[in-house]
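Coordinates in review
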Amino acid sequence: MVHSLPKGCSTANKPMSPSGERPNSLPTAGAKNEHQPLVFDASILGSNIPSEFIWPDHEKPCPEVPELVIPTIDLGVLLSGDPLAVSKAAELVNEACRKHGFFLVVNHGVDSGLLDKAHHYMDLFFGLQLSEKRKAQRKLGQNYGYASSFIGRYSSKLPRKETLSLRYSPYSQNTVELYLVSMMGEDFRHFGRLYQEYCEVMSKLSLRIMELIGISLGLEQAYFRDFFEDNDSVLRLNHYPPCQKHDLTLGTGPHSDSTSLTILHQDQVGGLQVFEDEKWHSLTPIPGALVINIGDTFMALSNGIYKSCLHRALVKNQTVRRSLAFFLCPRMDKTVTPPAGLVNPENQRIYPNFTGATLLEFTQKHYRSDMKTLDAFSYWLQEQKSNKKLP
């Protein structure tokens, strides 16, 4: 059930309606900008904030919000051989994912040196001149490459951030390294190797988490691990420059992740907020812990049992905020359909079958992700099939 949002701390995005309205659809490629093209360059913007980055009053950051209470899961229990400890951890995951989809993991095995280096290299990349970063410019319809805000894709309520997204698959050798070398040049080979390693570590970690999630849903431990073993995932480097008028804008607007599972490592600056129980909550960084959240694809895969929750990121007035988000996704052509054990007369099918490639097309070309993306996507799928544009 999607709750109404409180006045002053809400989001106005609405799903695609059966009447044919598309209030959250993206502008067509043929739309023209009569004004001078907008450029997001944090090095020259300073305190200036163009109107495109100013959010409506009802979506602006809330000054004071409560802390979100989420469980901390010790992943060491999977290797402990203690069935009671595994059962307790699975129970905590089940409770959190039915409610809002967020939990923390510790004892995850990710080397702190790798995390530190990944953040350092991020600083080096985003410290480059805009013209250099644009060598890896993200193209329309793609989910990888460099993006300065989402200028050219959205025309209002722009997020005040820049990102570098890197596509990864465990069955494609050195994809991250080769991509960065091809876009940025040979000097970025060491950069590519570092993020190649980071993706490999996160992919393996995500499969371990999927084992626990499988147990938490009463399935075989290997079910979701096997499903995602040949994943086609994305690592996103997020850079949120400070803004003196930070109370007027957002680093990332309210949305749910369209992917399956997100593993987030954020710096200690803070700024992540989650919408739960009809209000926004903060999620303060804890050293050594990784933030895990369920995405839309897994909500469909669990037949709606586990929730993909609305969240957003704030910007600070004096401090840069950084984060690394690994988005686990199934192989692009793999059909997303819930296991038989999660479908019964009390919990009948909610979402149609789909592939990652089709969902990517929808979110990149037709719809700006919000809290109703999956519902809008389901309606769009039915519409496409009725028009025989999809098999």
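This report concerns the structure included in the present document.

Further remarks concern the nonpolar core. In this structure, Leu164, Tyr195, Ile213, Leu237 and Phe298 are the most contacted members of the largest nonpolar core, which totals 76 residues. The element best represented in this core is helix 7 (residues 189-216), accounting for 12 residues. Not counting residues up to four positions away in its chain, the partners in contact with Leu164 are Phe125, Phe126, Ala136, Gly145, Tyr146, Leu180, Phe191, Leu235, Arg236 and Leu237. Among the nonpolar cores identified, the runner-up in size contains 14 residues, and Ile70, Val274, Ala289 and Cys309 belong to it.

Another point: the packing of helix 6 (residues 175-184) against helix 7. It is at 7 Å that the axes of helix 6 and helix 7 come closest, and there the two elements cross at 150 degrees. Accordingly, the angle class assigned to the pair helix 6 and helix 7 is roughly antiparallel. Taken as a pair, helix 6 and helix 7 cross one another with a handedness that is right-handed. Within the contact between the two elements, helix 6 uses Thr175, Val176, Glu177, Leu180 and Val181 and helix 7 uses Arg189, Phe191, Gly192, Arg193, Tyr195, Gln196 and Cys199. The residue inventory of the contact of helix 6 with helix 7, partitioned by class, reads 6 nonpolar, 3 polar and 3 charged.

What follows is about the sheet that holds strand 3 (residues 145-148). A sheet is described by the order of its strands in space; here 8 strands give the open sequence 1-2-10-7-12-5-4-3, paired in mixed fashion. Of all strands in the sheet, those with a lone pairing partner are strand 1 (72-74) and strand 3, marking the two edges. Neighbour-to-neighbour, the strand axes of this sheet turn through a mean angle of 25 degrees, independent of strand direction. Of the strands in this sheet, strand 3, strand 4 (162-168), strand 5 (233-240), strand 7 (261-266) and strand 12 (321-328) are in contact with helix 4 (residues 112-126), which crosses strand 12 at around 110 degrees. Along the sheet, helix 7 makes contact with strand 1, strand 2 (102-106), strand 4, strand 5, strand 7, strand 10 (290-294) and strand 12, crossing strand 7 at roughly 125 degrees.

So, about a negative patch on the surface. A cluster of acidic residues, Asp111, Asp116, Glu197 and Glu200, forms a negative patch at the surface. Residue placement: Glu200 occurs in helix 7. Residue classification places Glu200 among the partly exposed residues on the basis of a relative accessible area of 32%.

Reading the values: the criteria
Residue positions are counted from 1 within each chain, in the order its sequence is given. Local features in this predicted model are restricted to residues whose pLDDT is 70 or higher, and side-chain atom pairs enter the listing and the counts only when it is 80 or higher, whereas totals over whole chains, interfaces and linings include all residues. Just so you know, side-chain values use all the structure's heavy atoms and leave hydrogens and water out. Buried Ala, Val, Leu, Ile, Met, Phe, Trp, Tyr and Cys residues form a nonpolar core when they are joined through side-chain atoms within 4.5 Å. Only protein chains enter the accessibility calculation, which uses a 1.4 Å probe; a residue is then buried when its area is under 20% of its type maximum, exposed when over 50%, and partly exposed in between. Under the DSSP-based scheme used, a helix requires at least four consecutive residues in state H or I and a strand at least two consecutive residues in state E, with every element numbered from the N terminus. Here, residues are in contact when the closest pair of their heavy atoms is within 4.5 Å. To obtain an axis, a line is fitted to C-alpha atoms, over the contacting stretch when the element is a helix, and the angle between two such axes runs from 0 to 180 degrees between their N-to-C directions. Roughly parallel means an angle under 35 degrees; roughly antiparallel means over 145; roughly perpendicular covers 65 to 115; every other angle is labelled oblique. Left-handed describes a crossing whose near helix is turned anticlockwise from the far helix through less than a right angle; right-handed describes the clockwise counterpart. In this count, Pro and Cys sit with the nonpolar residues alongside Ala, Val, Leu, Ile, Met, Phe, Trp and Tyr, while Asp, Glu, Lys and Arg are called charged and the others, Gly among them, polar. When DSSP finds at least two bridges between two strands, those strands are taken to pair. For patch detection, residues must exceed 30% relative accessible area and be free of salt bridges, and they are connected within 9 Å for like charges or within 5 Å for nonpolar side chains (Val, Leu, Ile, Met, Phe, Trp, Tyr). Computed by Shrake-Rupley with a 1.4 Å probe, the accessible areas treat only the displayed protein chains as cover when residues are assessed. Criterion for a salt bridge: a side-chain nitrogen of Lys or Arg within 4 Å of a carboxyl oxygen of Asp or Glu. Within this scheme the basic residues Lys and Arg register as positive and the acidic residues Asp and Glu register as negative, but His and the chain ends are omitted. Think of each charge as sitting on NZ of Lys, CZ of Arg, CG of Asp or CD of Glu.

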